[in-house]
Amino acid sequence: MENPTAILEMIRQRRRNTESEIELLRVDITRLDEAFVNLRSQPPPRPTVPADKIDSDIARLEHKRNTESMSLPAEKKILKDIEKIKSMRRAHEDVKLFNKKMDDLRAKKDTNYDRLRKLRDALTELKIAESKLIVCERLGGAVEPADLVEDSISLEGNTDKIGAIVGKGGGTMRLKEAEYGVSIDIDRKENAIKLMGTQDGVEKAKIWIGNIFAAEEHDIKINEDLLRLLIVRKGERLKQIKSEFGVRVNLNRDELSITVNGVIKSINKVKGHIANL
């Protein structure tokens, strides 16, 4: 792979630029939403005379005024009615301008939302490309991004196991990413764990996660002599049990017991091991 460090930095810069543009776009969308809501709350009065009847109504009143004899008050009333109808023309113009402004805001919002969707898609692709290059870097450049595979594991019914996968401060997950040469991503939106790496690395990560999902918790009673044996030399025997059997162990001194978390097969081995101490 040609100059992977430079390619990775270029992708990261493009990702940062895309994230910045998305943030600016969100601000503009919020501004347009506020303008739209504000404008919609102040519509102009609706004309009481249809636009296509204004000219005919004025002509009818003008004809009546010019062809019929009437008193001065009656003529003034007709003139007043004519002015009122003419004002409807201005009201129609106001409504037309209002609708145009609303349509313009809708169009700008639609354009921004379309752009936002494209940017989000682009950001997803950049994150995938970045993850692939990071995995390749972990593997010492031994594989190309095109050689990597992706897989996912559903978290349905196992969301309580996320803590065990991630570990304190993300330490467990980072350790396994380095060990298997993979990237592990907890996608809470899709309620899944996304994996990326070599076929072998992904399979190992799936087995590790599967074991966590299948893990059970058992309490094993111990006596004081066994307690002292387990904690001697800074708990060296407990560390050996964790490493040898692939389990998590918590020592409960007050209750004289140890809590073992792991797959049932490993837990049974731990029980047998402790019984022989």
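In short, a report on the structure. Quick caveat: nothing in here was measured; it's all calculated off a predicted structure.

Another aspect to go through is the overall build of the protein. Along its length, the protein carries 8 helices and 6 strands. Relative to the globule expectation of 19 Å for 277 residues, the C-alpha radius of gyration of the protein, 37 Å, shows a markedly less compact shape. Considering only C-alpha atoms, the protein reaches an extent of 125 × 55 × 25 Å along its principal axes. The buried share among the 277 residues of the protein stands at 32%. Restricting the contact set of the protein to residue pairs at least 6 apart, pairs at least 24 apart contribute 68%. As displayed, the protein has an accessible area near 18,000 Å², and 50% of this comes from carbon and sulfur atoms. Averaging the coordinates of the 53 positive side-chain charges in the protein and doing the same for the 48 negative ones gives two points 4 Å apart.

The next thing to look at is the pairing of strand β3 (residues 192–197). With 5 of its 6 residues buried, β3 lies for the most part within the structure. Sheet topology note: the strand β1 (residues 149–154)/β3 ladder contains 6 bridges and is antiparallel. When the bridges of β3 are listed, E150 appears paired with M196. Hairpin connection between strand β2 (residues 182–187) and β3: a loop of 4 residues separates the two successive antiparallel strands, and N191 in this loop has a positive phi of roughly 55°.

The next thing to look at is the environment of D219. Within the secondary structure, D219 sits in strand β4 (residues 216–221). D219 sits 52 residues away from K271 along the chain, and the two C-alpha atoms are 9.7 Å apart. Beyond its immediate sequence surroundings of up to four residues, D219 is in contact with N252, I258 and T259. Only 2.6 Å separates the side chain of D219 from the side chain of T259, close enough to count as a polar contact.

Here helix α7 (residues 224–245) crosses helix α8 (residues 264–275) at 145°, and the two axes come no closer than 12 Å. The two elements α7 and α8 meet at a crossing, and its hand is right-handed. Together, L226, I241 and F245 of α7 and S266, K269, V270, H273 and I274 of α8 make up the contact between the two elements.

About the cut-offs
- As a convention, each chain's residues are numbered from 1 in the sequence order in which they are written.
- Side-chain atom pairs in this predicted model are given and counted only at pLDDT of 80 or more, local residue features only at pLDDT of at least 70, and totals for whole chains, interfaces and linings cover all residues.
- Side-chain numbers come from the whole structure's heavy atoms, not from hydrogens or water.
- In DSSP terms, a helix is any run of H or I states spanning at least four residues, a strand is any run of E spanning at least two, and both are numbered starting from the N terminus.
- The globule rule used here is 2.2 Å times the number of residues to the 0.38 power, and the radius of gyration it is set against is calculated over C-alpha atoms.
- For the exposure calls, accessible area comes from a 1.4 Å probe over protein chains only, and a residue counts as buried if that area is under 20% of its type's maximum, exposed if over 50%, partly exposed in between.
- Whether two residues are in contact is decided by their heavy atoms, any of which lying within 4.5 Å being enough.
- In this description, accessible areas are obtained by the Shrake-Rupley approach with a 1.4 Å probe, and a residue is regarded as covered only by the protein chains that are shown.
- When charges are counted, neither His nor the chain ends are considered; positive counts come from Lys and Arg and negative counts from Asp and Glu.
- Taken as the charge centre is NZ of Lys, CZ of Arg, CG of Asp or CD of Glu, depending on the residue.
- We call two strands paired when DSSP finds no fewer than two bridges between them.
- For the purposes of these results, a polar contact is taken to be a pair of N or O atoms within 3.5 Å, where, inside protein, one atom must be able to donate a hydrogen and its partner to accept one; residues adjacent in sequence count only when each atom of the pair is a side-chain atom.
- To get an axis, fit a line to the C-alpha atoms, keeping to the stretch in contact for a helix; angles then go from 0 to 180 degrees between the N-to-C directions.
- Should the near helix be turned anticlockwise from the far one by less than a right angle, the crossing is left-handed, and should it be turned clockwise, the crossing is right-handed.

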